[in-house]
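Spelled out from the first residue to the last, the chains are:
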Amino acid sequence: MIIQLEPTVSAAAKADILARIQELKYKVTEVNTQRASYLVAIGKADVDLRTIGQLPGILDIHRVSDEYKLVSRKWRVRPTVLDLGDGVRIGEGSLSIMAGPCSIESEAQMEKIMQHLVDNDVRIMRGGVFKPRSSPYSFRGLGMDGLKLFHQMARARGIKIITEVMQVSQVEEMHDYVDVFQVGARNTQNFNLLDALGGVDKPVLIKRGISGTLEELLSSAEYVFSGGNEKLILCERGIRTFETASRNTLDLNAVPILKEKTHLPVVVDPSHGIGIREYVATMALAGVMAGADGIVYEAHEKPEEAASDGAQTLNFQESARLIRNLRKVYALRQELE
Ligand code: PEP
Ligand code: MN
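The paragraphs below set out a description of the structure included in this document.

About the cut-offs
Residues numbered from 1 in each chain as written. Chains lettered and ligands numbered in written order. Predicted model: local features only at pLDDT ≥ 70, side-chain atom pairs only at ≥ 80, totals over all residues. Heavy atoms only, no water. Pairing = 2+ DSSP bridges. Helix = DSSP H or I, 4+ residues; strand = E, 2+ residues; numbered from the N terminus. Axes fitted to C-alpha atoms, helices over the stretch in contact; angles between N-to-C directions. Contact = heavy atoms within 4.5 Å. Salt bridge = Lys/Arg side-chain N within 4 Å of Asp/Glu carboxyl O. Buried < 20%, exposed > 50% of the residue type's maximum accessible area, 1.4 Å probe, protein only. Near = heavy atom within 4 Å. Areas by Shrake-Rupley, 256 points an atom, 1.4 Å probe, with all protein chains shown as cover. Patch = residues over 30% accessible without salt bridge, like charges linked within 9 Å, V, L, I, M, F, W, Y side chains within 5 Å. Phe/Tyr/Trp six-rings, centres within 6.5 Å; stacked < 30°, edge-to-face > 60°.

**Section: the sheet that holds strand E13 (residues 266–268)**
With respect to topology, eight strands assemble into a closed barrel ordered E7-E8-E9-E10-E11-E12-E13-E14, the strand pairing being parallel. Across this sheet, the average inter-strand angle for adjacent strands is 25°, counted without regard to direction. Bridge count for strand E12 (residues 232–236) against E13 is three bridges, and the pairing is parallel. By the bridge assignment for E13, Cys-235 is matched with Val-267. Strand contacts of helix H4 (residues 143–156): strand E8 (124–126) and strand E9 (160–164), with the helix running at about 160° to E9, the strand carrying the most contacts. The sheet contacts of helix H11 (residues 316–336) involve strand E7 (96–100) and strand E14 (294–298), and relative to E14 the element is tilted by about 170°.

Shown next as structure tokens:
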């Protein structure tokens, strides 16, 4: 069960609530986020929620049987919308388009892509400066120097940044230079990293693990939420299956299922999802029709020269066409809803 406490709850009232829950032999975890205070209670006894719900100091009480609690839609019915500032929002009511190279490579490269985004009214740019690579000999990113330049150039153009954080020690040094932290597919269950991001007041996009279930993805989000940070986005980016015709298998089933299970925004990454440039736009549009709140994809002036993931990266012409079509398909979806 989840109990949301009144912001003004007195220490005595809280102690009373805790005593009542402990009488039931429930295990209680206190969660204080930047937004509110909750008690997450887990136990077996059959309780009439009204007996607890009427205690002073309780704003809201719900029974949530899922493994994950605070990210569940059984508790918070209304979808979460994240405000990145300057009119940029992620979640219900708009379609977020996030585009950019797999890796940040140079000032000239960023200049080109940012102009492309501005020309197409795209407000969020993706790009990694710390790159998880299967081989240690591949390009591993420009690191903090690259991020500082990325941030400076993006700010000057009114663009928000999403970039991957790979380890706990990077969270603090990156903090002032990012708008959204990305947790990569290889780190979805890095619980130390998730704990650290719980202490941050910036949104976190969590990618689905390479062979992760949706329940595992939701539980990873629960880590960050219960650590104090409610600003979360989930990302379907394809999973590893027996199929070898594509890099990964983009599981679009995940979109309606997640939208039903959680109040958090859900986005789709068709670039890593299929891994084949020619099909990225098709899968992006399918993701929108499946109900995604946003699409994050890779774009580069010259994909064939990209430092990483060129084979799944769109050039500017393909990207501009995709942006137009994403907006059309999103409008169609709204018409059908
Ligand atoms: C990326 O976004 O470039 C990336 C490495 O993604 P993933 O973690 O989904 O593989
Ligand atoms: Mn990539």
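Having seen the model, we can carry on.
**As for the pattern of salt bridges**
Considering all chains together, one arrives at 21 salt bridges under this definition. Taking the shortest distance from any N to any O, the salt bridge between Asp-269 and Lys-207 comes out at 2.6 Å. Highlighted residues: Asp-269 in the loop between E13 and helix H9 (270–274) and Lys-207 in strand E11 (residues 204–207), separated in sequence by 62 residues. Of the two residues, Asp-269 and Lys-207, neither departs from the other in class, the shared state being buried.

**Focus: the site of ligand 1**
Residues in contact with ligand 1 amount to 13 residues; listed here are only the nearest, Arg-126, Ala-185, Arg-186, Lys-207 and Arg-237. Across the complex, the protein chains shield 97% of the 300 Å² of accessible surface that ligand 1 would expose by itself.

**So, the side chain of Asn-187**
Locating Asn-187 in the fold gives a position in the loop between strand E10 (180–183) and helix H6 (191–198). Not counting the four nearest positions on each side in its chain, Asn-187 is found in contact with Val-165, Met-166 and Leu-193.

**Structural notes on unusual backbone geometry**
Even without glycine at this site, Lys-25 takes up a positive phi of about 65°. Summarising the element assignment, Lys-25 is placed in the loop between helix H1 (11–23) and strand E2 (27–32). Since its relative accessible area comes to 72%, Lys-25 is described here as exposed. One non-glycine residue, Asp-309, lies in positive phi territory at about 55°. Relative to the helices and strands, Asp-309 resides in the loop between E14 and H11.

**Let's talk about a nonpolar patch on the surface**
There is a patch of nonpolar side chains on the surface, built from Met-289, Leu-332 and Leu-336 and spanning about 280 Å² of accessible area. Taking the relative accessible area as the measure of exposure, Met-289 reaches 38% and is therefore partly exposed.

**Topic: the packing of aromatic side chains**
Per the counting criterion, the structure on display carries three aromatic pairs. Centre to centre, the rings of Tyr-38 and Trp-75 are 5.3 Å apart; their planes meet at 85°, and the pair counts as edge-to-face. With Tyr-38 in strand E3 (residues 37–42) and Trp-75 in the loop between strand E4 (58–62) and strand E5 (82–85), this pair connects stretches of sequence that are 37 residues apart. Residue classification places Tyr-38 among the buried residues on the basis of a relative accessible area of 1%.

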